[in-house]
Amino acid sequence: CQGKHWKQGHRLECPRKVVVSRDKREHALCALDGTLAKPKKVGFPPSQFPPYLGLANRELPQILFPYRDFLKFFSCNISKVPCGLINCGNSCYANVVLQCLASTRPLAAYLLHGMHQEACEREGWCFMCELEDHVQKAFNNQMPFSPIKILSRLRSIGNSLGYGRQEDAHEFMRLAVDCMQKICLDEAGGETTLDARTQETTLIQHIFGGYLQSQVVCCQCQQRSNLYENMLDLSVGIQGNVESLEDALKQFTSPEWLDGDNKYRCDRCNAYVRAKKRLSVHEAPNILTIALKRFQGGKFGKINKKVTFPEELDMVPYMSGTVDTPPAYELYAVVVHVDMLNASYFGHYVCYVRAGNGAWFKVDDSKVSRRWKF
């Protein structure tokens, strides 16, 4: 009983100093084509202490949101046919992201419980409070409704956003997630008052947070240098011979040679040397968001090629090392940009989301239709 209690979350909340080791865990999840993923299995939290911190005496950080509470929301059985959203003027990019967030099980379960507004002390407008009202309305409504209370405060989510303008759905998604993370940190005293480890214990980090690893290997002395970066989503290129998501991930994690004018400065060799650099996923997030880089500069700057993706994704080939349980993801939402003449500066967004019973639905603003197979 003590061992089970420890693994279920006490180890993340105990104020005593302890040495934390990597637990065997399962990654439940999935996500795709510029959207999100659905938890498939539930497991233990990722390591709270990435290797780059180099702490000899590792103390547990302040816990902003208990991981065991996150697991309860992660496991909630909530399912409903999506509720359409009225287009308030070039707002399709926001509508599809709001649909995907409402279909992200741990986030939706948390918001449906009304826990944020209950504890929120933020003065003025709060995106999390408004999103909580939005999700509750989406689950209780049968008829399409307007998300104008969110759209009218876009500047509060991101300074680059403007009401009535065409925007990029992926950019809005990133700004929305960053905004929620900032709200969680502000409630705990602000980003400047919290150490990096504590900042990774918010609900948003539990849902979307992971780690990328950048490894450089010196070809002369074979010294390995690793850098780690927190990630909330993953953007992969699709240029060249990329025909599938797996191809894109393989290209993303392929080694890059540092040579010629781009040689690597090796501390051990004390010289500029030829080296091999590889980017990989070190800690797979619980909810994985992958965006395909279809947009580029120029008047007709969209790469409008077919890129296939599976409903189940195995991330092991793209990880930095072996894991106890392979991170397996199951697709639950996809955002699609519909364009004309391969133009990136205008078009329309629709999304596909899957309900808990496995049924897929196409959501085109206020129109919701059943899709028997995605």
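Structure: above.
Residues numbered from 1 in each chain as written. Predicted model: local features only at pLDDT ≥ 70, side-chain atom pairs only at ≥ 80, totals over all residues. Heavy atoms only, no water.

1. Digging into the sheet that holds strand S15 (residues 360–364)
Alright, step 1. An order of S13-S14-S15-S16 is seen for the 4 strands of this open sheet, with the pairing classed as antiparallel. Edge positions in the sheet fall to strand S13 (333–338) and strand S16 (367–371), since each has one partner strand and no second. Neighbouring strand axes in the sheet, compared pairwise and without regard to direction, differ in orientation by 20° on average.
Alright, step 2. Summarising the sheet, S13 and strand S14 (residues 348–354) pair through 6 bridges and their orientation is antiparallel. For Val 335, the partnering residue across the bridge sits in S14 and is Cys 351.
Alright, step 3. Most of the contacts of helix H3 (residues 92–102) go to S14, to which it runs at about 10°, and overall it touches S13, S14 and S15. (Pairing = 2+ DSSP bridges. Helix = DSSP H or I, 4+ residues; strand = E, 2+ residues; numbered from the N terminus. Axes fitted to C-alpha atoms, helices over the stretch in contact; angles between N-to-C directions. Contact = heavy atoms within 4.5 Å.)

2. Section: the environment of Leu 98
Alright, step 1. Position of Leu 98 relative to the elements: it lies in helix H3.
Alright, step 2. Accessibility expressed as a relative area gives 1% for Leu 98, which makes it buried.
Alright, step 3. Taking the C-alpha atoms as reference points, Leu 98 and Leu 85, separated by 13 residues in sequence, lie 9.0 Å from one another. (Buried < 20%, exposed > 50% of the residue type's maximum accessible area, 1.4 Å probe, protein only.)

3. Description of the nonpolar core
Alright, step 1. Counting 65 residues, the largest nonpolar core has Phe 127, Leu 131, Ile 157, Met 180 and Phe 208 as its most contacted members.
Alright, step 2. At 10 residues, helix H9 (residues 169–187) tops the list of elements feeding residues into this core.
Alright, step 3. Met 231, Leu 234, Leu 288 and Leu 313 belong to the second-largest nonpolar core, a separate cluster that totals 22 residues. (Core = buried A, V, L, I, M, F, W, Y, C linked by side-chain atoms within 4.5 Å.)

4. Let's talk about H9
Alright, step 1. In a regular helix each residue adds 1.5 Å, so 19 residues correspond to 27 Å; H9 covers 27 Å between its end C-alpha atoms and thus fits that length.
Alright, step 2. Once H9 ends, the next one or two residues include Gly 189, with phi positive near 115°. (Expected span 1.5 Å × (residues − 1).)

5. Points about the packing of aromatic side chains
For any pair of aromatic rings, the description consists of the separation of the ring centres together with the inter-plane angle of the planes.
Alright, step 1. Enumeration according to the criterion identifies 7 aromatic pairs in this entry.
Alright, step 2. On the numbers, 5.7 Å between centres and 90° between planes, the contact of Tyr 93 with Phe 172 is edge-to-face. With Tyr 93 in helix H3 and Phe 172 in helix H9, this pair connects stretches of sequence that are 79 residues apart. Each member of the pair, Tyr 93 together with Phe 172, is buried.
Alright, step 3. An aromatic cluster of three or more residues is present, and its members are Phe 65, Phe 73 and Tyr 110.
Alright, step 4. The positively charged end of Arg 265 is found above the aromatic ring belonging to Tyr 272, 5.6 Å away from the centroid.
Alright, step 5. Residue placement shows Arg 274 over the ring face of Trp 257; its charged tip is 4.2 Å from the ring centre. (Phe/Tyr/Trp six-rings, centres within 6.5 Å; stacked < 30°, edge-to-face > 60°. Lys NZ or Arg CZ within 6 Å of the ring centre and 35° of its normal.)

6. Description of the sheet that holds strand S3 (residues 210–218)
Each strand in a sheet pairs with its neighbour through backbone hydrogen bonds, running either in the same direction (parallel) or in the opposite one (antiparallel).
Alright, step 1. Ordered by their spatial adjacency, 4 strands build an open sheet running S4-S3-S9-S6, and the pairing between neighbours is antiparallel. The open sheet has two free edges, formed respectively by strand S4 (224–231) and strand S6 (256–258), since each of these has just one partner strand. Each strand of the sheet is rotated relative to its neighbour by a mean of 25°, with strand direction disregarded.

7. Considerations on helix H4 (residues 105–112)
Alright, step 1. Of all 8 residues in H4, 7 are buried, a share of seventy percent or more.
Alright, step 2. Within H4 the residues assigned to the buried category are Arg 105, Pro 106, Leu 107, Ala 108, Ala 109, Tyr 110 and Leu 111.
Alright, step 3. Each element contacted by the buried residues of H4 is listed here: helix H2 (67–74), H3, helix H5 (115–119), helix H6 (127–140), H9 and helix H11 (203–208).

8. Some details on the environment of His 337
Alright, step 1. In this structure, His 337 sits in strand S13.
Alright, step 2. Judged by relative accessible area, which is 14%, His 337 ranks as buried.
Alright, step 3. The sequence separation of His 337 and Asn 304 amounts to 33 residues, and the corresponding C-alpha distance is 9.7 Å.
Alright, step 4. Non-local contacts of His 337, meaning those with residues more than four positions away in its chain, are made with Phe 295, Lys 302, Ala 343, Phe 346, Gly 347, His 348 and Tyr 349.

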